[in-house]
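Coordinate inspection notes
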Amino acid sequence: MGKRTGVYICSGCEIGKSINIEKLSQTVTGEQNITVCKNHSSLCSVEGYELISRDIEKEKLDSVVIAACSPRVKTGIFDFPENIICERVNLREQVVWCYEQGEEDTQMAAEDYLRMGIARVKNILISQPYIADDISSDILVVGGGITGITASIEGAKAGYTVHLIEKEKKLGGWSGKLYKQIPYKEPYNKLIEPVVKEKIRNVEDNPDIKIYKSATVSKITGQPGKFEIIIQNGQEQKITVGSIVASMGWKPYDANALTHLGYGKYKNVLTNVEFEELIKEYPEKQLAKSILFIQCAGSRDKDHLPYCSSFCCGTTLKQAKYIRDLSPETSVFIIYKDIRTPGLYEEFYKEVQKDDYLFMTKGEINEIKEKDNKLQISIKNTLLGDDIEITADMVVLATGMTPAGTEDLNLAYRLGKGLPELKYNFSDSHFICFPYETRRTGIYAAGSLRAPMDIPSSMEDAKGAMLKAIQCIEATKRGEAVHPRSGDKTYPSLYLERCTDCKRCTEECPFGAYDETEKGTPLPNPTRCRRCGICLGSCPERIISFSDFSINSVSAMIKSINVPDEFEEKPRILVFVCENDAYPALDMAGRKGLKYSPYVRIIPVRCIGSINNVWISDALSKGFDGILQIGCKPGDDYQCHFIHGSELTETRSENLQETLETMMLEPERIKTEFVEITDYYKITEIINEYVEAIEEIGPNPFKEI
Amino acid sequence: MSIPHKKPTLIVGGGISGITTAVEIAEVGKEVILIEQKPYLGGNVIKMNNYFPKLCPPACGLEINFRRIRQNPRIKYYTSTTLLEISGEKNNFSVKLRSAPQYVKDNCTACGKCVEVCPEERPDEFNYNFSKTKAIYFPHEMAFPAKFSIDDRYCKKESCNKCVEVCEYNAIDLSAKEEVFFLEVGSVVFATGWKNYDAGLIENLHYSDFKNVVTNVEFERLIASNGPGKDKLIRPSDNTEPEEIVFVQCAGSRDENYLPYCSAVCCPASLKHALSIQEKYPDSKIKIFYIDLRVSGRNEDFLAKVEENKNIELIKGKVAKIEEVGETKNLIVEAEDVLSGKKIKHEADLVVLATGIVPSDATLNLNKDQNGFLTEIQKEGIHAVSCCKKPMDVSSSVKDATAAALKAIQLTG
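About the cut-offs
- Residues numbered from 1 in each chain as written.
- Chains lettered and ligands numbered in written order.
- Predicted model: local features only at pLDDT ≥ 70, side-chain atom pairs only at ≥ 80, totals over all residues.
- Helix = DSSP H or I, 4+ residues; strand = E, 2+ residues; numbered from the N terminus.
- Buried ≥ 20, exposed ≤ 12 C-beta atoms within 10 Å, placed from the backbone.
- Contact = placed C-beta atoms within 7 Å.
- Nonpolar A, V, L, I, M, F, W, Y, C, P; charged D, E, K, R; others polar.
- Domains from an automatic or database assignment.
- Pairing = 2+ DSSP bridges.
- Right-handed = clockwise from strand over helix to strand, strands pointing away.
- Core = buried A, V, L, I, M, F, W, Y, C linked by C-beta atoms within 7 Å.
- Axes fitted to C-alpha atoms, helices over the stretch in contact; angles between N-to-C directions.
- Parallel < 35°, antiparallel > 145°, perpendicular 65-115°, else oblique.
- pLDDT = per-residue confidence, 0-100.
- Expected span 1.5 Å × (residues − 1).

A few points about the overall build of chain B
- On a plain count of helices and strands, chain B comes out with eight helices and 23 strands.
- Principal-axis analysis of the C-alpha atoms gives chain B an extent of 70 × 50 × 35 Å.
- Residue burial in chain B is summarised as follows: out of 413 residues, 57% are buried.
- The long-range share in chain B, meaning contacts at least 24 apart out of those at least 6 apart in sequence, stands at 68%.

Considering the overall build of chain A
- In terms of regular secondary structure, chain A is built from 18 helices and 30 strands.
- Principal axes of the C-alpha set define a box for chain A whose edges measure 100 × 60 × 55 Å.
- Burial status across chain A gives 57% buried among its 705 residues.
- Long-range pairs, those at least 24 residues apart, make up 70% of the contacts in chain A with a sequence separation of at least 6.

Thoughts on the interface of chain B and chain A
- Taken together, the 60 residues of chain B in the interface contact 67 residues of chain A.
- Secondary structure elements with two or more residues in the side of chain B that touches chain A: helix 1 (16–28), helix 2 (58–71), helix 7 (300–308) and helix 8 (394–412) of chain B.
- In terms of residue count, helix 8 of chain B provides more of the side of chain B that touches chain A than any other element does, eleven residues in total.
- Among the residues making up the side of chain B that touches chain A, the classes are represented as 27 nonpolar, 15 polar and 18 charged.

Looking at the domain arrangement of chain B
- Split into domains, chain B comes out as domain 1 (9–100 + 178–193 + 360–412), domain 2 (113–166) and domain 3 (198–356).
- On a C-alpha basis, the centres of domain 1 of chain B and domain 2 of chain B stand 27 Å from each other.

With respect to the pairing of strand 3 (residues 63–68) of chain A
All names here are of chain A.
- Burial analysis of strand 3 places six of its six residues in the buried class, which makes it a mostly covered element.
- A two-sided burial pattern is seen for strand 3, the buried positions comprising S63, V65 and A67 on one face and V64, I66 and A68 on the other.
- Looking at chain direction, strand 1 (residues 5–10) and strand 3 are connected through five bridges and run parallel. By the bridge assignment, G6 is partnered in strand 3 with V64.
- Looking at chain direction, strand 3 and strand 4 (residues 85–90) are connected through six bridges and run parallel. In the strand pairing of strand 4, A67 is matched with V89.

What about the pairing of strand 15 (residues 285–290) of chain B?
Residue and element names in this part refer to chain B.
- Burial analysis of strand 15 places five of its six residues in the buried class, the great majority of the element.
- Sheet topology places strand 14 (residues 244–251) next to strand 15; five bridges connect them, and they run parallel. Across the sheet, residue I245 finds its bridge partner in strand 15, namely I286.
- You can see the chain leave strand 15, run along helix 7 and come back into strand 16 (residues 312–316), and the turn it takes is right-handed.

Let's talk about the nonpolar core
- Residues A:V245, A:A246, A:V395, A:L397 and B:V351 are the most contacted members of the largest nonpolar core, which totals 351 residues.
- Aside from chain neighbours lying at most four places away, what touches A:A246 is A:V142, A:G143, A:T406, A:L409, A:L419, A:S427, A:I443, A:Y444, A:A445, A:A446 and A:L449.

Topic: the sheet that holds strand 2 (residues 36–40) of chain A
Residues and elements named next belong to chain A.
- As summarised here, the arrangement of the four strands in space is 2-1-3-4, forming an open sheet in which the pairing is parallel. Each end of this open sheet is capped by a strand with a single partner; those strands are strand 2 and strand 4. For this sheet, the mean angle separating the axes of adjacent strands, direction not counted, is 15°.
- Sitting on the sheet, helix 3 (residues 46–58) touches strand 1, strand 2 and strand 3, and the angle it makes with strand 2 is about 170°.
- The sheet contacts of helix 5 (residues 104–122) involve strand 1, strand 3 and strand 4, and relative to strand 4 the element is tilted by about 160°.

What to know about the sheet that holds strand 18 (residues 331–337) of chain B
All names here are of chain B.
- Taken in spatial order, the three strands line up as 17-18-19 in an open sheet, and their pairing is antiparallel. In this open sheet, the two strands that pair with only one neighbour each are strand 17 (319–324) and strand 19 (342–348). Strand-to-strand, the axes of this sheet are offset by a mean angle of 20°, without reference to chain direction.
- As paired elements, strand 18 and strand 19 share seven bridges and run antiparallel to each other.

Notes on the packing of helix 11 (residues 455–478) of chain A against helix 1 of chain B
- Relative to each other, helix 11 of chain A and helix 1 of chain B sit at 40°, their axes nearing to 8 Å. It follows from the interaxial angle that helix 11 of chain A and helix 1 of chain B lie oblique. Counted together, A:L467, A:I470, A:Q471, A:E474 and A:A475 of helix 11 of chain A and B:E24, B:E27 and B:V28 of helix 1 of chain B form the full contact between these two elements.
- Counted by class, the contact of helix 11 of chain A with helix 1 of chain B contains four nonpolar, one polar and three charged residues.

Focus: the environment of A:I21
Residues and elements named next belong to chain A.
- Turning to its location among the elements, I21 is positioned in helix 2 (residues 21–31).
- Assessed through the 20 C-beta atoms surrounding it within 10 Å, I21 is described here as buried.
- Sequence separation between I21 and M466 is 445 residues, and the spatial gap between their C-alpha atoms is 53 Å.
- Sequence-distant contacts of I21, that is, excluding residues within four places in its chain, are made with I9, S11, G16 and N39.

Here we look at the environment of A:V332
All names here are of chain A.
- Within the fold, V332 resides in strand 15 (residues 331–336).
- On the basis of neighbour counts, which here come to 26 C-beta atoms within 10 Å, the residue V332 falls in the buried class.
- Along the backbone, V332 and P540 are 208 residues apart, and their C-alpha atoms lie at a distance of 67 Å.

Let's talk about the packing of helix 15 (residues 582–591) of chain A against helix 18 (residues 680–697) of chain A
Residues and elements named next belong to chain A.
- Two numbers describe how helix 15 lies on helix 18: the axes approach to 8 Å, and their chain directions differ by 95°. With respect to helix 18, the element helix 15 is oriented roughly perpendicular. Facing A582, A585, L586, M588 and A589 of helix 15, the residues of helix 18 in contact are Y680, I683 and T684.
- Across the contact of helix 15 with helix 18, the residue classes tally to seven nonpolar, one polar and no charged.

Some thoughts on the confidence of the model for chain B
- Of the residues in chain B, 99% have a pLDDT of 70 or more, and the chain-wide mean is 95.
- Our summary of model confidence lists the complex with pTM equal to 0.97 and ipTM equal to 0.96.

Focus on helix 6 (residues 146–157) of chain A
Residue and element names in this part refer to chain A.
- End to end, helix 6 covers 16 Å across twelve residues, agreeing with the expected 16 Å (1.5 Å per residue, within 8%).
- Most of helix 6 is tucked away: eleven of the twelve residues are buried.
- Listed as buried for helix 6 are I146, T147, G148, I149, T150, A151, S152, I153, E154, G155 and A156.
- Once helix 6 ends, the next one or two residues include G159, with phi positive near 100°.

Topic: unusual backbone geometry
- In this chain, B:F52 is followed by B:P53 through a cis amide linkage whose omega measures -5°.
- Cis geometry marks the peptide bond from B:F144 to B:P145, where omega comes out at 0°.
- One can find B:P145 in the loop between strand 8 (136–137) and strand 9 (149–150).
- Positive phi, normally seen in glycine, also occurs at A:R542, with a value near 60°.
- Residue classification places A:R542 among the partly exposed positions, given that 17 C-beta atoms sit within 10 Å.
- At B:N129, a position not held by glycine, the phi torsion is positive, near 65°.
- Residue position: B:N129 is located in the loop between strand 6 (121–123) and strand 7 (132–134).
- Judged by local crowding, B:N129 falls into the partly exposed class, with 13 C-beta atoms found within 10 Å.

So, helix 8 of chain B
- Between its terminal C-alpha atoms helix 8 of chain B stretches 27 Å, which fits the 27 Å expected from 19 residues at 1.5 Å a residue.
- Most of helix 8 of chain B is tucked away, with 18 of its 19 residues classed as buried.

As for the environment of B:P57
- Here B:P57 lies in the loop between strand 2 (32–35) and helix 2.
- Here B:P57 is in contact with A:E676, A:I677, A:T678 and B:N50, once residues within four sequence places are set aside.

So this is what it looks like as structure tokens:
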């Protein structure tokens, strides 16, 4: 309180035509503690900016409220010194462009939004970043296969010290067991030496990479900037790192489950991994007269691995080439579902196809039998029309990959030892545009742990994950959040004296930012925090706040709204919207001139998961007739940037609805909806339909009290 | 600790890859300059209706990225700008840039008054010319930066002057000239992206002859709710809503006569299109003719979803021929179902060609591979990333762009 606030109202872009600016300024100066209030025909012009800047100096303002266009535009213009709080009130996109010009309801909306903006400014603070002491710039890489090795080399090249841990006696992982590798650039007609060989030498010669072989991680505590790692390699070693790359790789699918393909039944049925080892060990060995490959052995199969492992088609073509290069007398058969050699791998596929001793067909395996030491494979649904039978000396099953899992990280986290997993246990990001999204801040999965991938992809992935690991350290040094609220300098502060150890924050934080004491009191780790505010929303004691987003700042906004009494027949609906999707959707609806009910008042929030129940009760006691919460899609294909913010809100609202019923209030007074950013038509319909539904129900009985 | 002054990285191309490279470098704490030849950022992806396999809108992730750009003082960007020359060595390049005339200045408030008075029209490049805008136009509703643009091929300039007169902010300067300027940079990343293969070259598919044969990228706009048909999917010949739709996979791809390689994205893209049509028009009938269905990794689930849909038929076989039915402008698609060996003749309202990815035209003389893609390392300090380097989907491009960010910080220290 006691802030010196300047209010600036823009009349440009039709705002002045639609709203009575004079009246708007009067409501402000009359009701609020405002140092100065001015109007201008174009605040975003140089003169407008100078007007505000001059006042900041002359009037010693510490905060300005700019009532003009959406905060999503002209951001570069309204860029004041860091110690000035700047609040944008969206009169253009979300009042003038979507409501009728000159109407009383339009004016009322503008006045409310201005009051809300002022109320917010009065209840927020400039953020002081959390900067931890002794931030480590070292990076831990767990897993010394091609991904981990590449990550280590590339991290060291960027000037960071890397600690590389490998559980085996030597580095290289699966890629170290290869005989040859598929060419991934021109020329495509020759197999290449496995790239891992040279990389192992590079990593072992690099003074900035500390290698721990036959080693495991027995415990990880701490947070970005300061993870404490306990390593076991015969003895116990402790190191401190700033961030972590998890590259534990993959395991072959267990072929023992493939008895229908003869594995375990017939000794000449091998997996692709076994075949690779055989060739690597005995490249000069006399090979059988005929070898048949079965693609998708246990892959793309709902009884085994429902997904495609991406590498097996290429690997089979490579192994077929081994055979043909080493043993020109041997015939090779490949039975596939689809040949998947995407991108420029097609070039390699074409090279291999040139060979007349290679026979390929789409088909499904009917049965495999052994007779006179030969394997008889009957195949149906082939491209040849009829079922066929092939006799071969050896069958190679192209089995897929499964992620190795991340439990071995042994995170001493409230939410578990490993990284959260998506479907099929990959520790992947769910976001197409943000493949390194992680739910454990500062720990980035790379390579086949994240998704099935081949060697070149794993190498690229290693670099990407390493960049994120470096970025996390640097952001932590600046006291800033990482993606998606990158640059955010706020962080949650907890008034623990009032904590009841209910554990909701520790359970609901999607990022595992909170550990807890034995009693259940939260132990915050600020640099793990992604600033979504879900903990703020979860806390029944209302003890969690951010400097610019708190129980008070939003409550004050709600309380600043003028709610007409029931005789005026102007219902009021409070609408909380996700600031990344629903809010821009409303801006675009405005740009398109789509109209919606002027009875709503919109409050953007970091995530609808950050909505605290107390705001709902504030709104109901203030006399609001309904509360609508619009977030991003939950479920399998969730679009919520904070993973389960939307889902949590839905559950919380269901509980609230039950409470409403006990208070003889209609449960419909609270509603949760989901939109996509491009749903501008839909969002206006959602609002209008909800307002109609509330009008049907009638006014909130608490209005009278 | 004092931070030694280092030269910024120049990123050429403001699509998803260029944007990603830029923000990822800047969030490490380094300076970047991003240039884009169009008046808006977002490249090809901003024109996409949705992404596979989540069927979510690209605008969602771009909104986050635009915010990352807006608030980060270490990112400078120039739209309507191209690279003319690079000279020098790593850590010490001089680049010559050209900005097209800025008829609409940065103080444009995007109020839209100018559009009301503009008498000239132009084909809307954003909608692949299926619709029109005024000569002064807002590129699309999500446009970043949010300002209007003038197409000087259609604007009558001072002889009309209507927009200048109506603009209250003095934001239009019809006498603006192009600007050529130089910058000092430490490294350069080419993220110039891709365009789709010229379908007109594939003779038997008659893209240039038959109006209702469209490409997959054009289809993205046709199905989009902010596309030419608004909320409806319309076919070009008569703006009616098609019911029978055929997708031709590998249109020109994996074919020595046209594009010898596979573009890796067209299979999942067509599956996505089929599902998007089904969502809007559950009674529509869709056939997809393919050579192999290349839907790798966990996208297999996405294929399974399509296979469950009774109105989408997947047929292994290459389309041999397309003919137009004179009156209706419908199309007869001829193909062989290689599994049954049967010849198929099927009448469709709309045919979508799944054309592949070719690298965008390079403005400079750069090193290329046999297929015209840029080689990854042009020289020390100059790298190519994502689709100008090889065909890949959005997620892989972003991954590659993040890796390129690491390369850049290694160079510039």
